[in-house]
Amino acid sequence: MQVLGMEEKPARRRVVLVPFPAQGHISPLMQLAKTLYLKGFSITVVQTKFNYFSPSDKFTHDFQFVTIPESLPESDFKNLGPIQFLFKLNKECKVSFKDCLGQLVLQQSNEISCVIYDEFMYFAEAAAKECKLPNIIFSTTSVTAFACRSVFDKLYANNVQAPLKETKGQQEELVPEFYPLRYKDFPVSRFASLESIMEVYRNTVDKRTASSVIINTASCLESSSLSFLQQQQLQIPVYPIGPLHMVASAPTSLLEENKSCIEWLNKQKVNSVIYISMGSIALMEINEIMEVASGLAASNQHFLWVIRPGSIPGSEWIESMPEEFSKTVLDRGYIVKWAPQKEVLSHPAVGGFWSHCGWNSTLESIGEGVPMICRPFSGDQKVNARYLECVWKIGIQVEGDLDRGVVERAVKRLMVDEEGDEMRKRAFSLKEQLRASVKSGGSSHNSLEEFVHFIRTL
């Protein structure tokens, strides 16, 4: 067990947090860590060597970083695909985390209050149970996506979910009790079979001995899903304490952020730029990128485009793009490998966000009042995209094959037409509701206070 930086204050009780090794999971967990630190807890973050989060100076005082000793080959993360990697990681870490946690219990001069684990790191529950420590599940997705995962098994058992494997017409059907979600919006993965996904979800939604669940959401966004989950599915307390990036901002990017784009944005007019970023996992083929580039050019809008290294299959970055790509984008666009997203979305020049609709990106966009073009890639992103378009009415979902005409129309609807202005007004209203929810007396603020009181009494 490797340990980094530790300064003890005996008065503080300690919380052990276990993140899943992906950017979209590490960010909210570190925001949660900082939130709990500000509430008077000492923090131990236990991680694997995969996508290792190296703490900055802001995480030294009263933060301890521990590495689980596991022997998975580095290549597994890429070669196995996310779902098979998840199974293997959980199997591999079960025993070593138990040893690791046992050592932490012996070492700590201050008491460990509980173990909080990402729902996809479900191996942590058995170790916490053995060490007689309370354990709490942390979900980094929307509560609606969590609710979908919790009923997956039941739907599948009754074979109601066959439409997920069936014809296009059946995939368009609405799922009973989950309006407005269609079968095709349910959080399946393009990385694995339906059977594998079922097994993952059986593990992630199994509360086992967990004493509560915390979710990075706000009740103003998902009140009906919250009550469904709490009353019908879990029967243990559910604490919606988000958006965590608005509660305790923390530098958590695994990739280096190119801040030069802020200088470029400073030269643009208010609400004139569409920001494009497909997150840390999604891939785009060269022909898709060319269609997006042509559609953006035809829309006559300025754009800031994040093209992540490795996101174009068979290419390091954009070096294999045809020559016309540069000509198409250089006139009105600015391209970076990775951007300081929260800073970009809060910039007055940004009037829209073309996104894969990961939950962090969705919360960050709503939190800045920026409407979205939704192009979900996998998993819970499809749930979020459907909610953005049909429930919150601040998103335009682009489905099916991408061609320049589709891209141009979507961008103009959001950035030029009256429809986009209406969406911006609704997004601004949601932003105000989210800000109110994390302030004193707000629903997320109260939920956090209740959660802190809960773990102090464990």
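Residues numbered from 1 in each chain as written. Predicted model: local features only at pLDDT ≥ 70, side-chain atom pairs only at ≥ 80, totals over all residues. Heavy atoms only, no water.

Within an unreviewed UniProt entry, the label attached to the chain reads UDP-glucuronosyl/UDP-glucosyltransferase, and the organism entered is Arabidopsis thaliana x Arabidopsis arenosa. Per its UniProt entry, the chain bears the Sequence similarities (unreviewed entry) comment "Belongs to the UDP-glycosyltransferase family." (UniProt positions renumbered as here; feature names shortened; annotations may be inferred.)

Draft legend 1. Highlighting the sheet that holds strand β13 (residues 372–374). Read from one edge of the open sheet, 6 strands run β11-β10-β9-β12-β13-β14, paired in parallel fashion. Of all the strands in the sheet, just β11 (333–336) and β14 (395–397) have a single pairing partner and so form its edges. Neighbour to neighbour, the strand axes of the sheet diverge by 15° on average, direction disregarded. Contacts from helix α15 (residues 381–390) reach β13 and β14, with the element oriented near 125° to β14. (Pairing = 2+ DSSP bridges. Helix = DSSP H or I, 4+ residues; strand = E, 2+ residues; numbered from the N terminus. Axes fitted to C-alpha atoms, helices over the stretch in contact; angles between N-to-C directions. Contact = heavy atoms within 4.5 Å.)

Draft legend 2. Seen up close, unusual backbone geometry. At the junction of Y179 and P180, the peptide bond is cis and its omega measures out at 5° in the coordinates. Following G242, the chain continues to P243 via a peptide bond in cis, the omega torsion being -5°. Phi angles above zero are rare outside glycine, and R208 is one such case at about 50°. Tracing the backbone through its elements, the reader meets R208 in the loop between α7 (194–204) and β7 (212–215). Residue classification places R208 among the partly exposed residues on the basis of a relative accessible area of 28%. In the Ramachandran plot, K393 falls in the positive-phi region, its phi being about 55° despite a non-glycine side chain. Here K393 is to be found in the loop between α15 and β14. (Buried < 20%, exposed > 50% of the residue type's maximum accessible area, 1.4 Å probe, protein only.)

Draft legend 3. Main features of the pattern of salt bridges. Throughout the structure, instances matching the rule amount to 22 salt bridges. With a closest N to O distance of 2.9 Å, D76 and K88 form a salt bridge. Placement of D76 in helix α2 (residues 76–79) and of K88 in helix α3 (residues 82–107) is noted, with a sequence separation of 12 residues between them. The class for D76 is buried, based on a relative accessible area of 7%. Taking the shortest distance from any N to any O, the salt bridge between E130 and K98 comes out at 3.4 Å. Linking E130 in helix α4 (residues 124–130) with K98 in helix α3, this pair joins segments that are 32 residues apart in sequence. Taken together, the shared-partner salt bridges connect E172, R182, K184, D185, R386 and E399 into one network. (Salt bridge = Lys/Arg side-chain N within 4 Å of Asp/Glu carboxyl O.)

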